[in-house]
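Observations on chain architecture
Single-letter residue listing:
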Amino acid sequence: MLFAFGILAILISLSRNISSGSAFYDISVLLLLCVMLSFRLKSHQKLAENTILFLGYIEGVLGLYQHFARITIFSPYFGEKLYLNTVFYLNGFSSNNPVYLNYGAQVRSFGTMDSGLSFGLFMLLCLAIVLSRTTYSKGWRFTNLVFFGLAIFGTITRNVYIGAILLLVLVLGGRRLTLKGGRFKTIYIIGSMVGILTPWFERLITLLGKISTALNIPSFLDRFSFMDSALTQIRGIGDFLWGRQVVSGIQNPIDNVFVASMLNNGAVFAISLLLILYQAFSVLLKDASETQFAKLWYLALLPLLGTFNNIIVAMSFGTALVIMTIPAESKIKEISEMNE
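The structure contained in this document is the topic of the report that follows.

**Concerning the overall build of the chain**
The helix and strand tally for the chain stands at 15 helices and five strands. Of all 340 residues assigned to the chain, the portion counted as buried reaches 49%. Look at the contacts in the chain between residues 6 or more apart in sequence, and 72% of them connect residues 24 or more apart. Total accessible area on the chain stands at roughly 16700 Å², and carbon and sulfur atoms take up 66% of it.

Structure representation (structure tokens):
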């Protein structure tokens, strides 16, 4: 039903506006989540985890070399056009232009991905898998944590840093909270609501701007300036419900999951997609064992991180990957019993 609402929203948005060219991609994301939920694995979860970690090691090595050697490895150009996101960082400002290297810019770890943010969120997933593993020796676990921690450090991306700190705090200190009746769903819902509501509160944005200025983070307030500019294109209830086919880009980034989805295909699509992700999270919560809490904390943090970055792709593919690592039928029922 939610999938149908999402598709309907995209079609109506296309009928009202000039296509942004992202319709096929948006439908594919919805379809991926629905297929993964409908045809879940009942075995081979360990193989899925090992495959993700293997890819994580390759990406991590590439990312660390990029950051510490200050080289992109891959050309930032596709033909004559720059295709990478802002992987160059200089004095608080980011750019996708390699000319910044001549002025001493750092290179964010991004591996084979388009940005340090996408790379960092994948490293966070690998970190969560390592924290979920009970078969690792202390030495091997520590080695993995240091490796993925360094890869995350190389992203020079605040949102990834915040996600890593929160993940470690929740995993290492959240076990007691969960066993005492804490709810993963509560964290997920709160994060989602913060992401949806924050852009609409002017006073809060002003306060965050003052804080970012005091902390010498000039790009933080710019995010909301771009977002505020994009929101002026919503001229009525029709635009709000069905969108304007406005797509976030380097020149005008829309750094919020809900707002970016709403401006593209409308609030009906945005809410449908977020509800599908929440449904997937709820299903995983029922099937997961206690040893898999770290992966659930990873998913629970994504909506909150989506407040200040458009990470809808990471949320969708991250959820799909976690679905592959948790069996369809629970062997341990502690979580189900706690949530009855």
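**Observations regarding the sheet that holds strand E5 (residues 106–107)**
Reading across the sheet, the three strands line up as E4-E3-E5 and stay open at both edges, with antiparallel pairing between neighbours. Edge strands, defined here as strands with exactly one partner in the open sheet, are strand E4 (93–95) and E5. Across three bridges, the pairing between strand E3 (residues 88–90) and E4 is antiparallel. Bridge pairing in E4 links Tyr89 to Ser94.

**Examining the packing of helix H1 (residues 2–16) against helix H2 (residues 23–38)**
One can describe the packing of H1 onto H2 by two numbers: an axis separation of 10 Å at closest approach and a directional angle of 175 degrees. One way to sum up the angle between H1 and H2 is to call them roughly antiparallel. Where H1 abuts H2, its residues Phe3, Gly6, Ile7, Ile10 and Leu14 lie against Ala23, Asp26, Ile27, Leu30, Leu31 and Cys34. Classifying every residue of the contact of H1 with H2 gives nine nonpolar, one polar and one charged.

**Digging into a nonpolar patch on the surface**
A cluster of nonpolar side chains, namely Tyr65, Ile71, Ile73, Phe74, Phe78 and Tyr83, defines an oily patch on the protein surface of about 620 Å² accessible area. By the element assignment, Ile71 lies in the loop between helix H3 (45–69) and strand E1 (77–78). Assessed through its relative accessible area of 36%, Ile71 is described here as partly exposed.

**Overview of the packing of aromatic side chains**
With the rule as written, the count across this model stands at nine aromatic pairs. Pairwise contacts between aromatic rings join Tyr57, Phe147 and Phe148 into one cluster.

**Quick notes on helix H7 (residues 184–197)**
Because each turn of an α-helix spans 3.6 residues, side chains separated by three or four positions in sequence point in the same direction. Relative to the 20 Å expected for 14 residues at 1.5 Å per residue, H7 spans 20 Å between its end C-alpha atoms, a close match to the ideal helical length. For H7, the complete set of buried residues consists of Phe184, Tyr188, Gly191, Ser192, Gly195 and Ile196. Looking straight down H7, one finds that the buried residues subtend no more than 130 degrees of arc, so they occupy a single side.

**Observations regarding the nonpolar core**
Membership of the largest hydrophobic core comes to 80 residues, with the highest contact counts inside it found for Leu124, Leu167, Leu296, Tyr298 and Ile311. With 13 residues, the top contributor of residues to this core is helix H4 (residues 116–132). Setting aside its immediate chain neighbours within four residues, Leu167 contacts Leu124, Leu127, Ala128, Leu131, Ala294, Trp297, Tyr298 and Leu301. Leu84, Val87, Phe88 and Leu90 belong to the second-largest nonpolar core, a separate cluster that totals seven residues.

**Focus: the packing of H3 against helix H5 (residues 138–153)**
It is at 9 Å that the axes of H3 and H5 come closest, and there the two elements cross at 50 degrees. Our classification of the angle between H3 and H5 gives oblique. Where H3 crosses over H5, the two elements pack in a sense that is left-handed. Together, Leu53, Gly56, Tyr57, Gly60, Val61, Leu64 and His67 of H3 and Trp140, Asn144, Phe147, Phe148, Leu150, Ala151 and Phe153 of H5 make up the contact between the two elements. Each residue belonging to the contact of H3 with H5 can be placed in one class, and the counts come to 10 nonpolar, four polar and no charged.

**Let's talk about unusual backbone geometry**
A positive phi is found at Asn91, a non-glycine position, where the angle reads about 50 degrees. With respect to the helices, strands and loops of the structure, Asn91 is situated in the loop between E3 and E4. Under the relative-accessibility criterion, Asn91 is labelled exposed at 66%. If you check the backbone angles, Gln245 has positive phi at about 60 degrees while not being a glycine. If you trace the backbone, Gln245 turns up in the loop between helix H10 (237–242) and helix H11 (257–265). Residue classification places Gln245 among the buried positions, given a relative accessible area of 7%.

**Some thoughts on empty space enclosed by the protein**
Gaps between atoms show up when a probe of the same size as a water molecule is rolled over them. Counted under the stated rule, the structure contains four cavities of 30 Å³ or more. Empty space within the largest cavity amounts to approximately 70 Å³. Lining of the largest cavity is provided by Ser192, Gly195, Ile196, Val257, Phe258, Leu274, Pro303, Gly306, Thr307 and Met315. Of all the secondary structure elements, the ones that give two or more residues to the lining of the largest cavity are H7 and H11. Among the elements that make up the lining of the largest cavity, the one with the highest residue count is H7 (three residues). Tallied by class, residues from the lining of the largest cavity come to six nonpolar, four polar and no charged.

Parameters at a glance
- Residues numbered from 1 in each chain as written.
- Predicted model: local features only at pLDDT ≥ 70, side-chain atom pairs only at ≥ 80, totals over all residues.
- Heavy atoms only, no water.
- Helix = DSSP H or I, 4+ residues; strand = E, 2+ residues; numbered from the N terminus.
- Buried < 20%, exposed > 50% of the residue type's maximum accessible area, 1.4 Å probe, protein only.
- Contact = heavy atoms within 4.5 Å.
- Areas by Shrake-Rupley, 256 points an atom, 1.4 Å probe, with all protein chains shown as cover.
- Pairing = 2+ DSSP bridges.
- Axes fitted to C-alpha atoms, helices over the stretch in contact; angles between N-to-C directions.
- Parallel < 35°, antiparallel > 145°, perpendicular 65-115°, else oblique.
- Nonpolar A, V, L, I, M, F, W, Y, C, P; charged D, E, K, R; others polar.
- Patch = residues over 30% accessible without salt bridge, like charges linked within 9 Å, V, L, I, M, F, W, Y side chains within 5 Å.
- Salt bridge = Lys/Arg side-chain N within 4 Å of Asp/Glu carboxyl O.
- Phe/Tyr/Trp six-rings, centres within 6.5 Å; stacked < 30°, edge-to-face > 60°.
- Expected span 1.5 Å × (residues − 1).
- Arc of directions from axis to C-beta.
- Core = buried A, V, L, I, M, F, W, Y, C linked by side-chain atoms within 4.5 Å.
- Left-handed = near helix turned anticlockwise from the far one by under 90°.
- 1 Å grid on protein atoms, 1.4 Å probe; cavity = no way out; pocket = protein on both sides within 12 Å on 5 of 7 lines; lining within 4 Å.
- Points joined across faces, edges and corners; volume = space filled by probe spheres on them.

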